[in-house]
Amino acid sequence: MAPDGFTVGEDLGEPIERRVFTSTYYDTPDRALASMDVTLRRRLENGKSLWQLKLPGQGVRREVEVPGGPAHPPRALRSLLFGLVRGHELVPAAKLKTRRSGVHVRENGRDRAEVVVDSVAVMVDGRVDATFSEIEVELLQGGPGVLERVGKALKGRGARPSDGRPKLFRALGFTPARIPVPSARAPALDHVAAVLARQHREILAHDPGVRLGSDPEDVHRMRVAARRSRAVLRAARPLLERGASEPLRAELKWLGSSLGPVRDLDVLLEHLRTQLDALPEDDRFAAERLLQLLSAERELARAQLLEALESERYLTLLDRLADLAREPTGSGRKKALASLAARRFKKLRDAVARLPSEPSDAELHRIRIQAKRARYAAELAEATVGKPAARFIARAKRLQDVIGEHQDAVVADQRIQDALASARGSRVAFAAGRLVEREDHRRRKARAAFPKAWRRLEKSGRLAWR
């Protein structure tokens, strides 16, 4: 944040061109976008109108820009907000006029950072209602040391850290509601409700990103949220009225199944691209044909996923999950969360005990599913159990990773052979054989790591759930 009258002196860097622009922000009347840390605005600068949608991401906000007039948000942006807006009208929420100045910070003859000072006026009915200033620093070259030096210089001029809220939130005096964390002594249903509320928010947070399709992590995170919600409902079955929880579990399975093919192909394609680098050039060229076939399959799976996300079924699922998180219907039975986690661990331990000396691929995959369920149940109980549960969770994740690597290799092997059936040429077949050979090595390596990972998890389970 910047105090009134703050300026960045030319001694800090070379001045950038001054700008003046007006931004009109849009949201639903109940602030559906702001509540998910999403901003939609129309920026007018030098007679040019540009719509900008900002989405939260992993450590950075992603921005989508589309030209358009003032009548209404462009269809391309509205389609990305389908799951958040839910048919409600997008209306102007605030209008800000910004005067921007700043400098390029140079070191050793190179631009290292850009420092921007925005003087913002909140406009209401054509008049200035309030003002504030903020400073943004963008690293252009170099490491954290550059930002530290710039930050120190700015603090010396009177700048101070902001609360991190976007301009719109400051203009509205808005802070997104946070999901409360129940205390260790809170009723078990409160913990179940809090987990479901977090997963509901996670699904919504990644909904626009899944539709945009620029970051595979959005599909992954939404799929994990659906799976975790389903696993929590399974673990908490003794506590919940099944007439509400079981139909929702079925719908979450449907959502996970819609997301699964896209995510699986994302993982496979990313892995195979790294494997191609190790092949001779001729084999690499031939193997590219296999990746093209898998990419086409992925596009088809994505089209089917988008169709699912635009359905009434998906919207109803979101409503049911929100309702159950807000007011879970209890069965009347009293069960400690630790006992629910212990029950899931026992099922996992029994399943491992039944494994033959050389388990099949399918048997190991079923163990991974049981390990996930045990882990999610442990996460539900962690607040009441503490460090023993945290250690169990960490080791369960390690076991999942080991068997997941095995399953990924099994799937990759099968997918390569399926794609090969559609490809032609002996060179393609030879390259496919090289890739299958690598997957077999990965599979055997994961199998070798399984016993140790299980022993460590089993030990943590005995200590956590005794």
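What you see is a predicted model, and the numbers here were worked out from it, not measured in a lab. (Residues numbered from 1 in each chain as written. Predicted model: local features only at pLDDT ≥ 70, side-chain atom pairs only at ≥ 80, totals over all residues. Heavy atoms only, no water.)

Q: Please set out the overall build of the protein chain residue by residue, giving values where relevant.
A: Per the secondary structure count, the protein chain includes 13 helices and 8 strands. In terms of principal-axis extent, the alpha carbons of the protein chain reach across some 75 × 65 × 45 Å. Burial statistics for the protein chain: of 466 residues in total, 46% are counted as buried. Within the protein chain, counting contacts between residues at least 6 apart in sequence, those at least 24 apart form 69% of the total. (Helix = DSSP H or I, 4+ residues; strand = E, 2+ residues; numbered from the N terminus. Buried < 20%, exposed > 50% of the residue type's maximum accessible area, 1.4 Å probe, protein only. Contact = heavy atoms within 4.5 Å.)

Q: Mind laying out the side chain of Ser460, listing which residues take part and the relevant values?
A: By secondary structure assignment, the location of Ser460 is in helix H13 (residues 426-464). Those residues in contact with Ser460 that lie beyond four places of it in its chain are Arg391, Phe392 and Arg395.

Q: So what's going on with the pattern of salt bridges? Residues and values would help.
A: In total, this model carries 32 salt bridges according to the counting rule given. For Arg100, the salt bridge identified is with Asp118, shortest N-O distance 2.7 Å. A residue pair is termed long-range when its members are at least 10 positions apart, and Arg100 in strand E6 (residues 91-107) and Asp118 in strand E7 (residues 110-124) qualify at 18 residues. The class of Arg100 is buried, set by a relative accessible area of 15%. Among the charged side chains, a salt-bridge network with shared partners connects Arg100, Asp118, Glu134, Glu136, Lys167 and Arg170. (Salt bridge = Lys/Arg side-chain N within 4 Å of Asp/Glu carboxyl O.)

Q: Lay out the packing of aromatic side chains with the relevant residues and their values.
A: Scanning the entire structure with this criterion turns up 4 aromatic pairs. Both rings, one in Tyr26 and one in Trp51, keep their centres 5.0 Å apart while their planes meet at 50°; by these two values the pair is tilted. Within this pair, whereas Tyr26 is found in strand E2 (residues 19-27), its partner Trp51 is found in strand E4 (residues 48-55), the two being separated by 25 residues in sequence. A residue is classified by how much of its surface remains accessible, and Tyr26, at 10% relative accessible area, is buried. Each residue in the set Phe345, Phe392 and Trp465 is aromatic and connected to the rest through ring pairs, giving one cluster. Positioned above the aromatic ring of Phe21 is the side chain of Arg43, whose terminal nitrogen or guanidinium carbon lies 3.8 Å from the ring centre. (Phe/Tyr/Trp six-rings, centres within 6.5 Å; stacked < 30°, edge-to-face > 60°. Lys NZ or Arg CZ within 6 Å of the ring centre and 35° of its normal.)

Q: Which residues make up helix H5 (residues 188-212), and what values do they have?
A: With 25 residues, H5 extends 37 Å from end C-alpha to end C-alpha; this agrees with the ideal 36 Å at 1.5 Å per step. The largest bend along H5 reaches roughly 35° and is located at His206, with the proline Pro208 sitting one to four residues downstream. For H5, a buried count of 18 out of 25 residues is recorded, marking the element as mostly surrounded by other parts of the structure. Looking one or two residues beyond H5, the residue adopting positive phi is Gly213, at roughly 80°. (Expected span 1.5 Å × (residues − 1). Bend = angle between axes of the 7 residues up to and from the residue.)

Q: Help me get a handle on empty space enclosed by the protein, residues and values and all.
A: Considering all chains together, one arrives at 1 cavity of 30 Å³ or more under this definition. Around the largest cavity, the lining residues are Gly209, Val210, Gly213, Asp215, Pro216, Val219, Arg298 and Arg302. Taken together, the elements giving at least two residues each to the lining of the largest cavity come down to H5, helix H6 (216-235) and helix H8 (281-309). Along the lines of polarity and charge, the residues of the lining of the largest cavity split into 3 nonpolar, 2 polar and 3 charged. (1 Å grid on protein atoms, 1.4 Å probe; cavity = no way out; pocket = protein on both sides within 12 Å on 5 of 7 lines; lining within 4 Å. Points joined across faces, edges and corners; volume = space filled by probe spheres on them. Nonpolar A, V, L, I, M, F, W, Y, C, P; charged D, E, K, R; others polar.)

Q: Tell me what's going on with the packing of helix H11 (residues 361-385) against helix H12 (residues 387-420), and back it up with residues and numbers.
A: Close contact between H11 and H12 brings their axes to 8 Å; oriented N to C, the two are set at 155°. Put simply, H11 runs roughly antiparallel to H12. Between H11 and H12 lies a crossing whose hand is left-handed. The residue makeup of the contact of H11 with H12, split by class, is 15 nonpolar, 5 polar and 8 charged. (Axes fitted to C-alpha atoms, helices over the stretch in contact; angles between N-to-C directions. Parallel < 35°, antiparallel > 145°, perpendicular 65-115°, else oblique. Left-handed = near helix turned anticlockwise from the far one by under 90°.)

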